[in-house]
Amino acid sequence: MAIAESIEDKLDVVQVRKHFPIFSYPENAELIYLDSAATTQRPTKVLDAIRHFNEEYNSNIHRSAYKLAEKATAGYECARLLIAQFIGAAHSHEIIFTRGATEAINFVMRGWGEKFLKPGDEILLSEMEHHSNLVPWQVAAQKSGAKLQFIPLDDSGELELGKLDDLLTERTRLVAVTHASNVLGTRVDVKRIIDAAHEMKALVLVDGAQHVPHSPVNVQDLDADFYVFSGHKMLGPMGIGILYGKEALLDAMDPVLYGGSMIDDVGYYESTWAKLPWKFEAGTQNIPAVIGLGAAIELLEEWGMRRIEKHDRMLTGYVLQQLEQLDFVTVFGPKEHRNPVISFAIQGIHAHDIATFFDSRNIAIRSGHHCAKLIMKKLNISATARASFYLYNTTEHVDLFVDAIHKARGYFARWI
Ligand SMILES: Cc1ncc(COP(=O)(O)O)c(C=O)c1O
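Quick caveat, the model's predicted, so the values are computed rather than measured.

Some thoughts on the sheet that holds strand β3 (residues 122–126)
Where strands meet in a sheet, backbone hydrogen bonds hold them as pairs that are either parallel or antiparallel.
Reasoning step 1: Read across the sheet, 7 strands follow the order β2-β8-β7-β6-β5-β3-β4 without closing on themselves; strand pairing throughout is mixed. Taken across any chain shown, the strands that pair with only one partner, and hence form the sheet edges, are β2 (95–98) and β4 (147–151). Strand-to-strand twist of the sheet, defined as the mean angle between neighbouring strand axes without regard to direction, takes the value 20°.
Reasoning step 2: In this structure, β3 lies alongside strand β5 (residues 172–178), joined through 3 bridges in parallel fashion. Following the sheet pairing, I123 is matched in β5 by L174.
Reasoning step 3: Against the sheet, helix α4 (residues 67–86) makes contact with β2, β7 (226–230) and β8 (241–245), and its axis sits at roughly 120° relative to β2, the strand it touches most.

Side note on the packing of helix α3 (residues 44–56) against helix α11 (residues 287–303)
A pair of packed helices is captured by two measures, namely the crossing angle of their axes and the spacing between those axes.
Reasoning step 1: For the pair α3 and α11, interaxial distance at closest approach is 8 Å and the crossing angle is 145°. In this structure, the crossing between α3 and α11 has a hand that is right-handed. Contacts between α3 and α11 involve K45, V46, A49, I50, F53 and N54 from the first element and I287, P288, I291, G292, A295, A296, E298 and L299 from the second.
Reasoning step 2: Looking at the contact of α3 with α11, its residues break down into 10 nonpolar, 2 polar and 2 charged.

So, the packing of aromatic side chains
Reasoning step 1: Evaluation of the coordinates by the stated rule reveals 22 aromatic pairs.
Reasoning step 2: Among the aromatic residues, ring-to-ring pairing joins F20, F23, Y33, W303, Y390 and Y392 into one connected group.
Reasoning step 3: Over the aromatic face of F23 sits the side chain of R17, whose NZ or CZ is 4.2 Å from the ring centroid.
Reasoning step 4: Above the ring of Y411, the side-chain terminus of R414 is found at 4.9 Å from the ring centroid.

Notes on the sheet that holds strand β11 (residues 329–332)
Reasoning step 1: Strand order in this open sheet of 4 strands is β11-β12-β15-β14, and the pairing throughout is antiparallel. Strands at the two margins of the open sheet, each flanked by one partner only, are β11 and β14 (366–368). Neighbour-to-neighbour, the strand axes of the sheet open up by a mean angle of 30°, direction not taken into account.
Reasoning step 2: Relative to strand β12 (residues 341–346), β11 runs antiparallel, the two sharing 4 bridges. Bridge pairing links F332 to S343 in β12.
Reasoning step 3: Sheet contacts for helix α13 (residues 351–360): β12, β14 and β15 (384–388); angle to β14, the most-contacted strand, approximately 165°.
Reasoning step 4: Sheet contacts for helix α15 (residues 395–412): β11, β12 and β15; angle to β12, the most-contacted strand, approximately 15°.

Thoughts on the pairing of β7
Reasoning step 1: Across the 5 residues that make up β7, a large majority, 5, are buried.
Reasoning step 2: Side-chain alternation along β7 places F226, V228 and S230 on one buried face and Y227 and F229 on a second face that is also buried.
Reasoning step 3: Where strand β6 (residues 203–207) lies against β7, 3 bridges are found, and the strand directions are parallel. Bridge pairing in β7 links D207 to V228.
Reasoning step 4: Sheet analysis places β7 next to β8, joined by 5 bridges and oriented antiparallel. Across the sheet, the residue bridging to S230 is G241, located in β8.

Some thoughts on unusual backbone geometry
Reasoning step 1: At the junction of L276 and P277, the peptide bond is cis and its omega measures out at 0° in the coordinates.
Reasoning step 2: Relative to the helices and strands, P277 resides in the loop between β10 (271–273) and α11.
Reasoning step 3: Of note, the phi angle at S261 is positive, near 75°, even though the residue is not glycine.
Reasoning step 4: The phi angle at N362 is positive, at roughly 65°, despite the residue not being glycine.
Reasoning step 5: With respect to the helices, strands and loops of the structure, N362 is situated in the loop between α13 and β13 (363–364).
Reasoning step 6: On the basis of relative accessibility, which here comes to 35%, the residue N362 falls in the partly exposed class.

Let's talk about the site of the ligand
Reasoning step 1: Every one of the 13 residues lining the ligand counts as a neighbour, but T102, D207, Q210, S230 and K233 are closest to it.
Reasoning step 2: Contact between the ligand and A101: an oxygen atom at 3.3 Å from a main-chain N or O atom of the residue.
Reasoning step 3: Within the side chain of H232, a nitrogen or oxygen atom sits 2.7 Å from an oxygen atom of the ligand.
Reasoning step 4: Look at the ligand: alone it shows 390 Å² of surface, and the protein chains cover 85% of it.
Reasoning step 5: A per-class count over the shell around the ligand returns 2 nonpolar, 9 polar and 2 charged.

A word on the pattern of salt bridges
Reasoning step 1: For the coordinates displayed, the defined rule picks out 25 salt bridges.
Reasoning step 2: One salt-bridge network, held together by shared partners, links R187, R306, E309 and R313.

Notes on the domain arrangement of the chain
Reasoning step 1: You can read the domains of the chain as domain 1 (2–38 + 304–415) and domain 2 (47–302).
Reasoning step 2: When each unit is reduced to the centre of its C-alpha atoms, the spacing between domain 1 and domain 2 is 28 Å.
Reasoning step 3: With 37 residues of domain 1 in contact, the opposing surface of domain 2 contributes 38 residues.
Reasoning step 4: Summed over both sides, the interface between domain 1 and domain 2 buries roughly 2900 Å², with carbon and sulfur atoms accounting for 58% of that surface.
Reasoning step 5: If you look at where domain 1 meets domain 2, you find 2 salt bridges.
Reasoning step 6: As a salt-bridge pair, E309 and R187 come within 3.1 Å of each other at their nearest N and O atoms.
Reasoning step 7: Run the count over domain 1 and domain 2 and you get 23 residue pairs in polar contact (both at pLDDT 80 or more).
Reasoning step 8: Looking at the side of domain 1 that touches domain 2, the elements with two or more residues in it are α12 (305–324), β12 and α14 (373–379).

Analysis parameters
- Residues numbered from 1 in each chain as written.
- Predicted model: local features only at pLDDT ≥ 70, side-chain atom pairs only at ≥ 80, totals over all residues.
- Heavy atoms only, no water.
- Pairing = 2+ DSSP bridges.
- Helix = DSSP H or I, 4+ residues; strand = E, 2+ residues; numbered from the N terminus.
- Axes fitted to C-alpha atoms, helices over the stretch in contact; angles between N-to-C directions.
- Contact = heavy atoms within 4.5 Å.
- Left-handed = near helix turned anticlockwise from the far one by under 90°.
- Nonpolar A, V, L, I, M, F, W, Y, C, P; charged D, E, K, R; others polar.
- Phe/Tyr/Trp six-rings, centres within 6.5 Å; stacked < 30°, edge-to-face > 60°.
- Lys NZ or Arg CZ within 6 Å of the ring centre and 35° of its normal.
- Buried < 20%, exposed > 50% of the residue type's maximum accessible area, 1.4 Å probe, protein only.
- Near = heavy atom within 4 Å.
- Polar contact = N/O pair within 3.5 Å; in protein donor to acceptor, adjacent residues only side chain to side chain.
- Areas by Shrake-Rupley, 256 points an atom, 1.4 Å probe, with all protein chains shown as cover.
- Salt bridge = Lys/Arg side-chain N within 4 Å of Asp/Glu carboxyl O.
- Domains from an automatic or database assignment.
- Buried area = accessible area lost by both parts, 1.4 Å probe.

What follows is the structure, encoded as structure tokens:
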């Protein structure tokens, strides 16, 4: 019984990989894809959902009585329902479709920030934010006269949450913080931040772009006010993202885009807005991407978010254990409570050279500042190499990754 349970509990990666046509494409026979933090690969189910829409029922939603458009509308709204259930939202109309996490944050910055922020207000961010959750708030602060504060990052790659009591004041209107770092892999205790912020009557926006693909999320348990993420980082298509917001907050916000589909009534000189969620969905949406994201979520649920989390944790532990033994390799970020995003340096070799060398061995990793320049400044470096693992990666991939580190060191030795 125990054995059966543990087998069921395990993600069957061999089966999982069969769902991703990119890995059986002849040119990619040798590919080891370790860049899922940038974007994940897309399974056949998602590609089929998009193709079926385009081939069988391509039409615009919400405005037609004919069957084709009814089917498109049903597919679109059904995806919204799936997403609401996936993140535990109270209502499907709290799910707003955007182009991605970046646009979702910009929606809050424009629709909420521009309406409610005033001079002297404070916005609390962290030093670990992706530029997507930093730059919009810099602009919001410049426009409104609000002040930015930062939860510091400590040397181990964790946020100094002990400083929250000092950083949160009666002037704090919003805390905008990542759920997991795209550079350090750090998983942030956002529940603690949300509870502390709410005590001070501040709202919290959580950037879940790097968390939702790896772990179950329940926005109601978290009591998050806003929660954003991107479809393409969780097996879905590019060009689709989610803004979750509590109903009352979304109702209070101004629309961000104006035009067709978002109105209730239109006169010569003024108009009124549609109800949620349509108030925020002006113009023709990326309907096939929404339907594709719905398919991705069905697959993630079929494979099981707990199983995926466990698999990712196993890979993370395995890779960290191997890298710990290499005195010429620095791994950035905490040793525990982290996602399978491994930023590292090899002594004497530039991050870009590492990535290029890995590419020559068909291992796709990323190098650069990863849109998180505050982390780079804190670590006093300009770039890291980054390998990010996901549900289609195996321990053999980790072994080949570690082997490539040894080979890179050998190859570059003559210049070090
Ligand atoms: C933590 C984090 N937030 C936000 C984003 C922005 O996502 P997108 O480019 O899909 O809008 C990313 C993308 O890498 C990310 O890693």
